[in-house]
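Below, each chain spelled out in residue letters.
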Amino acid sequence: MMQTQLTLTTMVRHAEKYFPNKTVISRTLGGVQTIPYRKITERIHRLAGVLKNLGVKKGDKVGTIAWNHHRHLEAYFAIPSIGAVLHTINLRVSPDDLAYIINHAEDKVLLVDEDLFPLLERIKDQISNVEKIIMMTDKDDLPETSLKNVASYESLLQESDPDTALSEDINENDMAGLCYTSGTTGRPKGVVYSHRGIYLHSLALGLKDTAELSEEDTAMPVVPMFHVNAWGIPFAALWFGTTQVLPGPMPTPQILAELIEEHQVTIAAGVPTIWLGLLQALEKGNYDTSSLRCILCGGSAAPKGMIRAFESKYKIPFVHAYGMTETSPIVTLARLKSYQRDLDEEERLELRARQGMVVPGIEIKGVNENREIPHDGEAVGELLVRGPWIADSYYKNDRSEDSFRDGWLHTGDVVNIDEEGSVKIVDRTKDMIKSGGEWISSADLENALMAHEAVFEAAVIAVPDPKWQERPVACVVLKENEKLTEEDMKQFLEPQFAKFWIPDRVLIMDEIPKTSVGKFLKRALRDQVKEQLSLSDPS
Ligand code: ADP
């Protein structure tokens, strides 16, 4: 067989040849515009020219601090297509981490949205290496800024050659992307994506049994483009000629509902918090969401109640998926096998709330004390993953060995696997609660609490206990105008769990602290609860 290289330049060439008339709908500060792929690919060549003129060479890192919009999409392809590395930067990290990430990656050029300039201005004295900052703005003039070496994206593109050649000299194993994990402990860790990894992951997104992404779709990645490449959707979508709706700066649930209705979105992807918000918007407003054939939800466990609400009330099929920054990210997806469709509704829902089956191309196993766990839906172990779109180390990081051992990525997620091979995340290794020597899954309790109709969200953590070592405490945020007591919540849980699983306390809160990507920040929650309960720290 031929050894053609699996690179992003192949994707650009394919889109420009076969899908010039398909479109990208892009929301920026200036409004919503529809742009044909013909124009997008031309601008990719122009941006490649701009970067070459700035002296960006093979292997150089180019950072982006940007929302989901067409300019970011152009950067997704132009940077790797000259052999450089697309470094997507999470705009929600602390200033200190932002400076750390830019310095650690050694970004040479930064592409930054106009409204995100203040983030960079705050840390300008802490960053070295950066030679040029390109402001992505719709306006003709550059706004005032204290930063030096700033140029306008649109002016540079205008002056650049639309026929700039993309590089032919790229090996499929070369670095194409770099993304730092938002990690809840320690400094962010960099994950490198190769051209080959992105290419194969994109193909997987097109499989009928995964996201089934195709030319006839209109895809809206709500998951940020700075977060695991918006789950790889922009890459696959441009390649497949899929219409893309990029929802731009700070999209509210109302904006998302409007975009879905107006542009007939067929598949939208994001974390559960986004979909909780959308549900509330749908309840308040009258939106037509009938075009949606799939909501792809991952990043945290999708509560069963939410899946049920989308499917039974709004007739929107809901697909639960699991992955990590280290895994590009798709690892498993919860779809029923053909013969499982005859099960009764509750059983089907139960299966679809699991994280699901591993996608073709990736291998997984659950391991407990060096032994592989049986597929019986009972035994629990840490999930190990390997495959062509799974990272094999962290970028320039000597802590890599903890996570990457014996050819497997050790995910830190505790799972059981059922007879059909469907994975269920029971917890993260560090979030499991051990009470009197018995394990309690915080994820199961959270799921149950969130199924209560008055509950907006819930997180369960371990608190130290002199008798049992650890006991669960639940933190619950109620929906607007709901009034429930601690006792009500406990009574609600009692029929569903063994007695020792029932949290000692159910604290009603206004808000649960979250990470920069909307996951529960359990470390901060533990501190808050500790203070509230005046407990002493066990360590
Ligand atoms: P991502 O960037 O894709 O959210 P992170 O690297 O930030 O990934 O976090 C990955 C972790 O998120 C996983 O190790 C797992 O603990 C959690 N996670 C991801 N998807 C799910 C899911 N569907 N259900 C439960 N936990 C999930």
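Data block above holds the structure.
Residues numbered from 1 in each chain as written. Predicted model: local features only at pLDDT ≥ 70, side-chain atom pairs only at ≥ 80, totals over all residues. Heavy atoms only, no water.

Trainee: Just to check I follow, could you spell out the sheet that holds strand S4 (residues 85–88) for this structure?
Mentor: The pairing of strands in a sheet comes from backbone hydrogen bonds and takes either a parallel or an antiparallel form. Across the sheet, 7 strands lie side by side as S7-S6-S5-S3-S4-S8-S9; this open sheet has mixed pairing. At either end of the open sheet lies a strand with only one pairing partner, and these are strand S7 (150–152) and strand S9 (190–194). Strand-to-strand twist of the sheet, defined as the mean angle between neighbouring strand axes without regard to direction, takes the value 25 degrees. With 3 bridges connecting them, S4 and strand S8 (residues 175–180) associate as parallel partners. Counterpart to His87 in the pairing with S8 is Leu178. (Pairing = 2+ DSSP bridges. Helix = DSSP H or I, 4+ residues; strand = E, 2+ residues; numbered from the N terminus. Axes fitted to C-alpha atoms, helices over the stretch in contact; angles between N-to-C directions.)

Trainee: What should I look at first to understand the pattern of salt bridges in this one?
Mentor: Side-chain pairs of opposite charge can arise whenever the charged atoms involved come near each other. A complete count under the given rule lists 30 salt bridges for this structure. Taking the shortest distance from any N to any O, the salt bridge between Asp444 and Lys424 comes out at 3.0 Å. Separated by 20 residues along the polypeptide, Asp444 in helix H15 (residues 442–450) and Lys424 in strand S22 (residues 423–428) bring together distant segments of the chain. A single network of salt bridges, built from pairs that share partners, joins Arg43, Arg71, Glu74, Asp138 and Glu154. (Salt bridge = Lys/Arg side-chain N within 4 Å of Asp/Glu carboxyl O.)

Trainee: It is not clear to me how the packing of aromatic side chains should be interpreted in this structure. Could you clarify?
Mentor: For any pair of aromatic rings, the description consists of the separation of the ring centres together with the inter-plane angle of the planes. Taken as a whole, this structure holds 7 aromatic pairs when the rule is applied. A ring pair is formed by Tyr76 and Phe235, whose centres lie 4.9 Å apart and whose planes are at 35 degrees; its orientation type is tilted. Taken together, the positions of Tyr76 in helix H3 (residues 70–81) and Phe235 in helix H9 (residues 233–240) put the pair 159 residues apart, joining distant regions of the chain. Judged by centre distance (5.4 Å) and plane angle (25 degrees), the rings of Phe310 and Phe318 are stacked. The two residues Phe310 and Phe318 agree in class, both being buried. Feature note: the residues Tyr76, Phe77 and Phe235 constitute an aromatic cluster, connected by ring pairs. (Phe/Tyr/Trp six-rings, centres within 6.5 Å; stacked < 30°, edge-to-face > 60°. Buried < 20%, exposed > 50% of the residue type's maximum accessible area, 1.4 Å probe, protein only.)

Trainee: So what exactly am I meant to see when it comes to the site of the ligand here?
Mentor: By nearness alone, 17 residues border the ligand, and His227, Ala321, Gln355, Asp413 and Lys519 come closest of all. A distance of 2.7 Å separates an oxygen atom of the ligand from a polar side-chain atom of Lys519. A total of 550 Å² of accessible area belongs to the ligand in isolation, and the protein chains cover 93% of it. Residues that form the shell around the ligand fall into these classes: 5 nonpolar, 8 polar and 4 charged. (Near = heavy atom within 4 Å. Polar contact = N/O pair within 3.5 Å; in protein donor to acceptor, adjacent residues only side chain to side chain. Areas by Shrake-Rupley, 256 points an atom, 1.4 Å probe, with all protein chains shown as cover. Nonpolar A, V, L, I, M, F, W, Y, C, P; charged D, E, K, R; others polar.)

Trainee: Please explain the packing of helix H12 (residues 304–314) against helix H13 (residues 345–352) as it appears in this structure.
Mentor: Close contact between H12 and H13 brings their axes to 10 Å; oriented N to C, the two are set at 120 degrees. Looking at the two axes, H12 sits oblique to H13. Classified by chirality, the crossing of H13 by H12 is right-handed. In contact with Lys304, Ile307, Arg308 and Glu311 of H12, H13 contributes Glu346, Leu349, Glu350 and Arg352. (Parallel < 35°, antiparallel > 145°, perpendicular 65-115°, else oblique. Left-handed = near helix turned anticlockwise from the far one by under 90°. Contact = heavy atoms within 4.5 Å.)

Trainee: Help me understand the pairing of strand S2 (residues 31–36) in this model?
Mentor: One face of the sheet, then the other: side chains in a regular strand alternate in exactly this way. As paired strands, strand S1 (residues 23–28) and S2 are joined by 6 bridges and run antiparallel to one another. Of the residues in S2, the one forming a bridge with Ile25 is Thr34. Adjacent in sequence and paired antiparallel, S1 and S2 are bridged by 2 residues.

Trainee: Teacher, can you tell me more about the sheet that holds S2 here?
Mentor: The strand order S2-S1-S11-S10-S12-S13-S14-S15-S16 describes an open sheet built from 9 strands, whose pairing is mixed. The strands lining the two open edges of the sheet, one partner per strand, are S2 and strand S16 (357–358). Against the sheet, helix H2 (residues 37–53) touches S1, S2 and strand S11 (243–246), its axis set at about 85 degrees to S2. Running over the sheet, H9 touches strand S10 (218–221), S11 and strand S12 (267–270) and is turned about 145 degrees from S11.

Trainee: Would you mind showing me how to read unusual backbone geometry here?
Mentor: Glycine aside, residues mostly have negative phi, and peptide bonds are mostly found in the trans state. Cis rather than trans, the peptide bond between Ser328 and Pro329 has omega equal to 10 degrees. Turning to its location among the elements, Pro329 is positioned in the loop between strand S14 (318–323) and strand S15 (330–333). Its identity is not glycine, yet Val228 carries a phi of approximately 45 degrees, on the positive side. If you trace the backbone, Val228 turns up in helix H8 (residues 228–231). Here Met250, not a glycine, exhibits a phi torsion of approximately 35 degrees, which is positive. Position of Met250 relative to the elements: it lies in the loop between S11 and helix H10 (253–263).

Trainee: Please explain H2 as it appears in this structure.
Mentor: Two residues of an α-helix separated by three or four positions point the same way, owing to the 3.6 residues in each turn. Between its first and last C-alpha atoms H2 spans 24 Å; for 17 residues at 1.5 Å apiece the expected length is 24 Å, and the two agree. In terms of burial, H2 is a largely internal element, 12 of the 17 residues being buried. Positive backbone phi, at 90 degrees, marks Gly55, one or two positions downstream of H2. (Expected span 1.5 Å × (residues − 1).)

Trainee: Any chance you could explain the environment of Asp115 here in plain terms?
Mentor: Structurally, Asp115 is set in the loop between strand S5 (107–113) and helix H5 (117–122). Asp115 sits 112 residues away from Gln3 along the chain, and the two C-alpha atoms are 44 Å apart. With residues near it in sequence (within four places) discarded, Asp115 still touches Leu29, Trp67 and Pro249. In terms of polar contacts, Asp115 uses its side chain to reach the side chain of Trp67, at 3.0 Å.

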